[in-house]
There are 2 protein chains.
Amino acid sequence: MIPYNKRTSILIKGATHNCRKTDIFIDDGKIQAVGEGIRSEFKSSADFEIDAGGDVLLPGLVNTHTHAAMSLLRGYADDMILFEWLSQKIWPLEAHLNGDDVYWGTRLACLEMIKSGTVAFNDMYFFMDRAADAVEEAGMRACLSHGFIDLFTEEKREAEIKATINLHNHIKSRNNPKLTFATGPHALYTVSPEGLTWCAEYATENDAGIHIHLSETQQEVDDCVKNNGITPAAHLDKYGILTERTVAAHCCYLDDSECELLGKRKTAASHNPASNMKLAGGRAIPYSALKNAGAPVCLGTDGCASNNNLDLFEEMKIAALLQKFTTGDPTILPAAEAIDIASRTGAEALRTGGGTIAPGFAADIILVDRNAICQAPFHNPISNIVYACGGNAVRSVICDGAILMHDREIPGEDAILAGAEAAATSLVARREEEIRNQS
Amino acid sequence: MIPYNKRTSILIKGATHNCRKTDIFIDDGKIQAVGEGIRSEFKSSADFEIDAGGDVLLPGLVNTHTHAAMSLLRGYADDMILFEWLSQKIWPLEAHLNGDDVYWGTRLACLEMIKSGTVAFNDMYFFMDRAADAVEEAGMRACLSHGFIDLFTEEKREAEIKATINLHNHIKSRNNPKLTFATGPHALYTVSPEGLTWCAEYATENDAGIHIHLSETQQEVDDCVKNNGITPAAHLDKYGILTERTVAAHCCYLDDSECELLGKRKTAASHNPASNMKLAGGRAIPYSALKNAGAPVCLGTDGCASNNNLDLFEEMKIAALLQKFTTGDPTILPAAEAIDIASRTGAEALRTGGGTIAPGFAADIILVDRNAICQAPFHNPISNIVYACGGNAVRSVICDGAILMHDREIPGEDAILAGAEAAATSLVARREEEIRNQS
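Position labels on residues start from 1 in each chain and follow its written sequence. By the order in which they are written, chains take letters starting at A while ligands take numbers starting at 1. This being a predicted model, a pLDDT of at least 70 is required before a residue's local features are given, and a value of 80 or more before pairs of side-chain atoms are given or counted; all residues contribute to the totals for chains, interfaces and linings. The basis for the side-chain values is all heavy atoms of the structure; hydrogens and waters are excluded.

Let's hear about the packing of aromatic side chains: which residues, and what values?
All names here are of chain B. For this analysis, a ring pair means two rings from Phe, Tyr or Trp (six-membered ring only for Trp) whose centres lie within 6.5 Å, classed as stacked if their planes differ by under 30 degrees, edge-to-face if by over 60, and tilted for the remaining angles. Under the counting rule described, the total for this entry stands at 14 aromatic pairs over all chains. Between Phe181 and Tyr202, the ring centres sit 6.0 Å apart and the planes meet at 85 degrees, which makes this aromatic pair edge-to-face. Within this pair, whereas Phe181 is found in strand 9 (residues 179-185), its partner Tyr202 is found in helix 6 (residues 193-205), the two being separated by 21 residues in sequence. Pair check on accessibility: Phe181 and Tyr202 agree, each one buried. The helix count covers DSSP runs of H or I at least four residues long, the strand count covers runs of E at least two residues long, and both are numbered beginning at the N terminus. Type-normalised accessible area, obtained with a 1.4 Å probe on protein chains alone, sets the label of each residue: buried when under 20%, exposed when over 50%, and partly exposed for intermediate values.

Following this line, the structure appears as structure tokens:
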């Protein structure tokens, strides 16, 4: 019997790590020991053993920008002009979303993320108490934020403040260290200075994260400079949003001074290359400038409506390729760095305690199939993982010392797919009924 | 018993095609009938039945630019400046390649291609008689060309002409309609005008294809204009290379007049976006200009050293994303067109007889898992296939009326992986011995 989704003491034998065979012993949700031949020492302490057969050991991946429940909208509308896509398709459908939809969409998203080696994610959406249900059942880590959009009115601001505090209290009441809270000021063009200030202060008072969109399009930059006389990052900084607990998603159009500002504040930039390309944003994140400024760069998929999957293996490849393509430098963002931004920097930004394979770190780890076609030949498993493999090469996923997937099996997969499919069908039916009633 | 790799009469029941449930009957290597409920008519004629369970029916994909045996070099060297990568890593290793290596590399490549829904490919490399062995054993279609590189010397040209004629005779002697021949003038910067002329004339006399690299880098264009006073496409056209049997790979830097020239000649442009991005080429194929000029655009992965896989599902997504990103237009290269350039246009360029789901076309088809996570929800299977799925969502592959993969099973997979791994290890060992001897 596989002890799915509960903390266990686990001995993994014969994994490949840093080009060597290694064993790893996990207990109390933490990595206790890593090394060749430690199996004899820990064999008697382990409740469960995994024979890795050379599978490649990596830190579990961390998706630092998602709207997980939007997996219900996957494929609903694509290949459209951004504003038409939002105003004619996405927003009208989202207006029909209810808590059950968010639960099923997040369940589907968690299933997809675990299947592709992700252990933690940074999520902004609505009905986040129901997202919390889904995350807990899946056994993942998540930092949850209510998308705070006050549209510069006091009335809406009060409602968003209330919703944010409610979510925070809800998450505290669950007493699950894998679930954390962040304020979620949506973006500078949807949140007033007063709203930004409140989100920053509330997060700081509660040692919570801040999750925001930043500098995704040229228009956002142009409008900000026109309206406020300063760049988007400077505007956010004015209201205290840029902290070392902040994840700023996209960051495509940051200029050098903004990169330096993020570096100074140790604010993490979440790179979402597939979404930026699909929505025709036109600019890639200034990876080198951020790195040189000391700003942590991490990786995210964005929501399924603009990607359309949550596979960080694919995202690592697209990130590395897009940097090379836009800079003309094939040496930028090499394979090992791509894995680093998909794991360690994200784990640090979300303060998961994981992201590194060493004693004392959280037991958030994955095993990638040594015998997958994408690993043949085995010249360089790290290159293979970034440039050749998809997330389907992941065989096992452990989060907080609990097995979430073993040999690609996740309990209840069929029921999750059926539930999500039914929710999506009902959601579209409600929207179609509305269209019929309008015409 | 699954009748792997031999022509069979097959009835597929309940596939999804154009958003409807359909049956399809295959016999004599051709699609005989397609439609809802034709099962009763053809049930007694079928030797084998597949219950598709709603799986999505597509034409088998066609990879129009590969160096298949380079799968042995997957992950051997990455993230390097182009010339250093070639001169310090790729060329020195290739110098040790022998016929057995090409056989095993091509076997591995065919395995990977079938696993990801590809039925035919356009291959240029060396020891192509051994590549032919591998292709025949895999049961795929391939158009094989010897990479013709005369470096502007008569002596090398004579050797290349001989090698090309030998390959052509070898392929004819196999009498396998799935194996075809093309001349393979490598590129205008490696082949003399006399070599280009010979390749063009030999292909035309024998109604064969022509496979060439064109306009991959800015330097190729600059050098051509400087040396010849005309653009690369005009230069090739001068020597008869641009025909409707020609596939020109890359085509990143074509200008409008060159796109019009390819359109006039009906020359196919093979788009290789992952390779262009990874090698930091800096420019995407001018997709709209080629399309508007009437030039067929098809899709290719290039070799595994510069991609690093052969998955056309991933390539469809990257192609669609890269066009959107570079043009700023999210409506360009929508999902259905991405599937079209990965299947129909490639099949037409290689004259496989397939590429379309209709009676009379070659029975080159694939079934994509209806129940894969990437297909949930099922709003739009075509969007899901391009933007959400990887090639691992393919369940079954039929080529020329023979089953190559059923329910993801391919006979002999483990032996192919072991053989390729052993060949790669030996190849690198020979190179390392050479380095030791040199130092």
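Give me the UniProt feature "binding site: substrate" (unreviewed entry) in chain A: which residues, what numbers.
Residue and element names in this part refer to chain A. UniProt positions are given in the numbering used here, feature names are shortened, and annotations may be inferred rather than shown by experiment. Per the UniProt annotation, the sites labelled "binding site: substrate" (unreviewed entry) are Glu94, His186, Glu216 and Asp302. Here, two residues are considered to be in contact whenever any of their heavy atoms come within 4.5 Å of each other. When neighbours within four sequence positions are excluded, Glu94 is seen to be in contact with Met70, Leu73 and Tyr125. Relative to the helices and strands, Asp302 is located in the loop between strand 13 (297-299) and helix 12 (312-327). For Asp302, a relative accessible area of 5% translates into the label buried. Filtering out sequence-adjacent residues up to four positions away, Asp302 remains in contact with His65, Thr66, His67, His250, Asn272, Ser275 and Leu310. By the criterion applied in these results, polar contacts are pairs of N or O atoms within 3.5 Å in which, for protein atoms, one can donate a hydrogen and the other can accept it, and in which residues neighboring in sequence qualify only through two side-chain atoms. At 3.4 Å, the side chain of Asp302 and the side chain of His67 are in polar contact.

So, the pattern of salt bridges: which residues are in play, and what are the values?
Any Lys or Arg side-chain nitrogen located within 4 Å of an Asp or Glu carboxyl oxygen qualifies as a salt bridge. All chains considered together, the criterion is met by 55 salt bridges over all chains. Taking the shortest distance from any N to any O, the salt bridge between Arg157 of chain A and Asp150 of chain A comes out at 3.5 Å. Judged by relative accessible area, which is 11%, Arg157 of chain A ranks as buried. Overall, Asp150 of chain A belongs to the buried group, its relative accessible area being 0%. Arg141 of chain B serves as the salt-bridge partner of Asp364 of chain B, at 2.7 Å between the closest nitrogen and oxygen.

Lay out the UniProt feature "binding site: Zn(2+)" (unreviewed entry) in chain A with the relevant residues and their values.
Residues and elements named next belong to chain A. As annotated in UniProt, the feature "binding site: Zn(2+)" (unreviewed entry) corresponds to His65, His67, His213 and Asp302 in the numbering used here. Taking the farthest pair of C-alpha atoms as the criterion, the annotated set spanning 238 residues converges on one region, since that pair is 11.8 Å apart. As for its placement among the helices and strands, His65 is situated in strand 6 (residues 61-66). Among the residues examined, His65 registers a relative accessible area of 0% and is labelled buried. Setting aside chain neighbours within four positions, we find His65 in contact with Asn122, His211, His213, Ala249, His250, Ser270, Asn272, Leu299, Gly300, Thr301 and Asp302. You can see His213 is positioned in strand 10 (residues 209-214). Of the residues examined, His213 reaches a relative accessible area of 6% and is grouped as buried. With residues near it in sequence (within four places) discarded, His213 still touches His65, His67, Met124, Pro185, His186, Ala187, Glu220, Ala249 and His250. In this structure the side chain of His213 is engaged in a polar contact, spanning 3.4 Å, whose partner is the side chain of His67.

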